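# Chains, contacts and geometry: an overview
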Amino acid sequence: CQRKEIGVRTFFNLLGPIANPANIVAKFVGVFNLDTARLYNYYLQNSDLRYAIVNTTDGYDEISLTAPFKLYTNDKEQFISPEELGFNTVATADLKSGVTISEAAKIFTNVLKNECTKAQKDVVLANAAMAYCCYYTGISIEEAINICKETIESKKAFGLLKQITLN
């Protein structure tokens with residue numbers, strides 16, 4: 001029986017994002033509901049990790065920019081709207097990820113090549129910037145967005161992908 005056929009989240013859906021054998025110092029994770037976000041927050045409060053946990057209020061396990069999202073970090077919890085990050089709210093239809101793995105991969109590489117829609121790029125920027133802020137403490141979200149934007153627009157992100165996949 002495949003996981004999708006079960007129709008419910010499994011223990012592994014819950015355990016996977018927080019069970020990482022690597023020696024990391026920061027963790028950015030999106031979760032599928034607020035109950036899980038609270039559970040992760042409770043668990044991670046007792047760790048030495050810097051962390052950020054996000055859940056968009058309409059059910060996305062990332063910052064989707066389709067609605068406000070809840071953010072938990074080591075020192076706060078708050079709701080943030082797309083506009084507070086400097087983005088417009090986007091329609092769900094603008095974020096189609098492709099039906100097949102190859103379609104999704106094409107969208108992903110198009111974002112890294114800066115050959116994507118504004119909505120697609122903005123969602124990637126919001127998530128990448130929040131992860132950047134989680135790792136590099138003391139940087140503002142605005143600064144992180146600008147760094148991530150430059151990385152995509154200069155195609156450095158795509159160059160890194162090519163480097164990684166060729167090795």
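Please refer to the structure higher up on the page.
Along each chain, the written sequence defines residue order, and numbers are assigned to residues from 1. For this predicted model, a pLDDT threshold of at least 70 governs which residues receive local features, and a threshold of 80 or more governs which side-chain atom pairs are given and counted, while totals over whole chains, interfaces and linings are taken from all residues. Side-chain descriptors were evaluated using all non-hydrogen atoms of the structure, hydrogens and water having been removed beforehand.

Another point: the overall build of the chain. Within the chain, the regular secondary structure consists of 7 helices and 4 strands. Taken against the 2.2 N^0.38 rule, which gives 15 Å for 167 residues, the C-alpha radius of gyration of the chain at 16 Å falls within 12% of a compact globule. With the C-alpha coordinates of the chain rotated into their principal frame, the extents come out at 45 × 40 × 35 Å. Taken across its 167 residues, the chain has 35% of its residues classed as buried. The contact criterion used is simple: two residues touch if any of their non-hydrogen atoms lie within 4.5 Å. A separation of at least 24 residues holds for 46% of the contacts in the chain among residues at least 6 apart in sequence. Just so you have it, the chain exposes about 10300 Å², and 55% of that area is on carbon and sulfur atoms. Residues scored as charged are limited to Lys and Arg (positive) and Asp and Glu (negative), so that His and the chain ends carry no count. Charge placement uses NZ in Lys and CZ in Arg. For Asp and Glu, CG and CD serve respectively. Placing the 17 positive and 18 negative side-chain charges of the chain at their respective mean positions leaves the two points 6 Å apart. Numbered from the N terminus, helices here are DSSP runs of H or I no shorter than four residues, and strands are runs of E no shorter than two. When we talk radius of gyration, it's over C-alpha atoms, and the globule rule is simply 2.2 Å times the number of residues to the 0.38. Summary of the burial criterion: residues with accessible area below 20% of their type's maximum are buried, those above 50% are exposed, and those between are partly exposed, where the area comes from a 1.4 Å probe applied to protein chains only. Residue-level accessible areas treat just the shown protein chains as cover; the underlying method is Shrake-Rupley with a 1.4 Å probe.

As a further point, take the sheet that holds strand β2 (residues 50–56). The 4 strands lie next to each other as β1-β2-β3-β4, forming an open sheet whose pairing is mixed. Single-partner strands in this sheet number two, and they are β1 (26–30) and β4 (77–80). The average undirected angle you get between the axes of adjacent strands in this sheet is 15°. When strand β3 (residues 69–73) meets β4, the two strands line up antiparallel, connected through 4 bridges. Two strands pair under a simple rule: DSSP has to find at least two bridges between them. Helix axes are fitted to C-alpha atoms over the stretch in contact, other axes to C-alpha atoms as well, and angles between N-to-C directions run from 0 to 180 degrees.

It is at 8 Å that the axes of helix α5 (residues 118–135) and helix α6 (residues 141–153) come closest, and there the two elements cross at 125°. On the basis of their axis angle, the class for α5 and α6 is oblique. Two packed elements cross with a definite hand, and for α5 against α6 that hand is right-handed. For the pair formed by α5 and α6, the contact residues are K121, V124, L125, A128, A129, M130, Y132 and C133 on the first element and I141, A144, I145, I147, C148, K149, I152 and E153 on the second. In these notes the angle categories are as follows: under 35 degrees is roughly parallel, over 145 is roughly antiparallel, 65 to 115 is roughly perpendicular, and the rest is oblique. In this scheme the handedness of a crossing depends on how the near helix is turned from the far one: anticlockwise by less than a right angle means left-handed, clockwise means right-handed.

Here the focus is the packing of helix α4 (residues 101–112) against helix α7 (residues 156–166). Running from N to C, α4 and α7 cross one another at 130°; their axes reach a closest spacing of 7 Å. On the basis of their axis angle, the class for α4 and α7 is oblique. For the pair α4 and α7, contact is made by F108, T109 and L112 and by A157, F158 and L161, respectively. Split into classes, the residues belonging to the contact of α4 with α7 amount to 5 nonpolar, 1 polar and no charged. Under the grouping applied here, Gly and all other residues not named as nonpolar or charged are polar, the nonpolar ones being Ala, Val, Leu, Ile, Met, Phe, Trp, Tyr, Cys and Pro and the charged ones Asp, Glu, Lys and Arg.

The end-to-end C-alpha distance of helix α3 (residues 34–45), which contains 12 residues, comes to 16 Å, matching closely the 16 Å that a straight helix rising 1.5 Å per residue would cover. Listed in full, the buried residues belonging to α3 are T36, A37, Y40, N41 and L44. Axial view of α3: buried residues confined to an arc of 140°, hence all on one face. For α3, the exposed residues lying more than 90 degrees away from the buried face are D35 and Y42. Measuring from the side-chain oxygen of the N-cap residue of α3 to the backbone nitrogen of D35 gives 3.2 Å; that N-cap residue is N33. One fewer than the residue count of a helix, multiplied by 1.5 Å, yields its expected span. Here the arc refers to the set of directions running from the helix axis out to each C-beta atom. Pairing of N or O atoms within 3.5 Å defines a polar contact, subject to two protein rules: one partner must be a possible hydrogen donor and the other a possible acceptor, and residues neighboring in sequence count only if both atoms are side-chain atoms.

On to the nonpolar core. Joining through side-chain atoms within 4.5 Å is the link that ties buried Ala, Val, Leu, Ile, Met, Phe, Trp, Tyr and Cys residues into a set, and such a set is a nonpolar core. Grouped together as the largest cluster of nonpolar side chains are 29 residues, with contacts concentrated most on I63, F69 and L85. Among the elements of the structure, β2, β3, α4, α5, α6 and α7 are those that each provide at least two residues to this core. Element by element, the count of residues in this core is highest for α5, at 8 residues. Setting aside residues up to four positions removed in sequence, L85 forms contacts with I63, F69, I80, A126, M130, I141 and I145.

The subject of this paragraph is the layout of surface pockets. The method works on a 1 Å grid over the protein atoms by themselves. A cavity is a set of points holding a 1.4 Å probe that cannot get out, a pocket is an open set with protein on both sides within 12 Å along at least five of seven lines, and residues with an atom within 4 Å of a point line them. Grid points are joined across faces, edges and corners, and a volume is the space filled by probe spheres set on the points. The space that makes up the largest pocket amounts to roughly 590 Å³. In terms of lining residues, the largest pocket is bounded by 21 residues, among which E62, F108, Q120, V123 and V124 are the most central. Secondary structure elements with two or more residues in the lining of the largest pocket: α4, α5 and α6. Of the residues belonging to the lining of the largest pocket, the class tally is 13 nonpolar, 6 polar and 2 charged. Of the volumes computed, that of the second largest pocket is approximately 380 Å³. Around the second largest pocket, the lining is made up of 20 residues, and of these L71, T73, K76, M130 and C133 lie nearest the centre. Those elements giving two or more residues to the lining of the second largest pocket turn out to be β2, β3, β4 and α5. For the lining of the second largest pocket, a count of residues per class yields 10 nonpolar, 6 polar and 4 charged.

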